[in-house]
Amino acid sequence: MSEAATPAPRTRSGRTPHGRRRVRSSLALAAMGLFGEQGFEATTVDQIAEAAGVGRRTFFRYFRSKEDVVFPGHDERLAEVVELLAAADPAADPLAVLGRTAEVVLEMYLAEPEVSLKRFELTRAVSALRDKEIASIDRYQRVFARYLRGRYAGEPGGDLRAAVVASAVVAAHNHVLRQWLKSGGELEAKALLREALQQVTVAMSGQWGRDDSAVDAGESVVVGVVRTAAPAGVVLKHLEEALRDIR
């Protein structure tokens, strides 16, 4: 009589990268559903875990707090961005490198549209979550600027150029992302991002670091430093109008 074959042990869903993403997404969707039904403040971690069909300890293996559950995968996403920039060809155009990296970040939002759309609704209604989202955006900007400082090292005004270009790329990405979210996920976000990044490339190329002696004595040079939540296109439009007025 032959021995019965021993069944192979099953891999728990949280033990594989795909399984971890699935559990994390399940927790995020459960949390955002409860936030929408009963409010952010009234919802507890225990309720979120129960709605997702997991235990409290599992929740805290994935998230530090219920604020974090609204932004699943952000730490992993940022780590991937750091790795992409570190592995980039040092001879490649830095703006092109940032453009490809911004596309990767956008794809991560597009990969989980339900989570992204629900988060968009919540961050507009809950100020604490909106603040956390702004802080997460700042992390990407700092990573981009650090990469560019390395690429522009030794150039006149390299640090300032790195800060400005990083801000412009992040602004272009976020403008397109908001358009996609407002459309309910219907717009062709990747194509829009490429168009927006092309505008940034045109705006940033060919003029930076120009020798002052190349400016005619009769010319006026206007420098505008603007901190605003308005899209980059709106800011550029106002600057162009202002320049026409003083010609």
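Above this note sits the structure.
Residues numbered from 1 in each chain as written. Predicted model: local features only at pLDDT ≥ 70, side-chain atom pairs only at ≥ 80, totals over all residues. Heavy atoms only, no water.

(A) The arrangement of helix α5 (residues 94-111) in detail. Its 18 residues give α5 an end-to-end C-alpha distance of 26 Å, which sits within 8% of 26 Å, the value for a rise of 1.5 Å per residue. Among all positions in α5, only Pro94, Leu95, Val97, Leu98, Gly99, Thr101, Ala102, Glu103, Val105, Leu106, Met108 and Tyr109 are buried. For α5, the elements touching its buried residues are α4 (74-86), α6 (113-125), α7 (127-151), α8 (158-182) and α9 (189-204). (Helix = DSSP H or I, 4+ residues; strand = E, 2+ residues; numbered from the N terminus. Expected span 1.5 Å × (residues − 1). Buried < 20%, exposed > 50% of the residue type's maximum accessible area, 1.4 Å probe, protein only. Contact = heavy atoms within 4.5 Å.)

(B) Spatial organisation of the packing of α6 against α7. The geometry of α6 relative to α7 is characterised by a closest axis approach of 5 Å and an angle of 115 degrees between their N-to-C directions. Relative to α7, the element α6 is oriented roughly perpendicular. As for the relative orientation of α6 and α7, their crossing is left-handed in sense. Facing Leu122, Thr123, Arg124 and Ala125 of α6, the residues of α7 in contact are Ser127, Leu129, Arg130 and Glu133. Residues belonging to the contact of α6 with α7 are distributed by class as follows: three nonpolar, two polar and three charged. (Axes fitted to C-alpha atoms, helices over the stretch in contact; angles between N-to-C directions. Parallel < 35°, antiparallel > 145°, perpendicular 65-115°, else oblique. Left-handed = near helix turned anticlockwise from the far one by under 90°. Nonpolar A, V, L, I, M, F, W, Y, C, P; charged D, E, K, R; others polar.)

(C) Here's a closer look at empty space enclosed by the protein. The final tally for this structure, using the stated rule, is two cavities of 30 Å³ or more. Its volume calculated, the largest cavity comes out at about 40 Å³. Residue lining of the largest cavity: Tyr109, Ser116, Arg119, Phe120, Glu133, Leu177 and Leu181, and that is the complete set. Counting residues per element, the lining of the largest cavity draws most heavily on α6, which supplies three residues. Looking at the lining of the largest cavity residue by residue, the class counts come to four nonpolar, one polar and two charged. Approximately 30 Å³ is the volume attributed to the second largest cavity. (1 Å grid on protein atoms, 1.4 Å probe; cavity = no way out; pocket = protein on both sides within 12 Å on 5 of 7 lines; lining within 4 Å. Points joined across faces, edges and corners; volume = space filled by probe spheres on them.)

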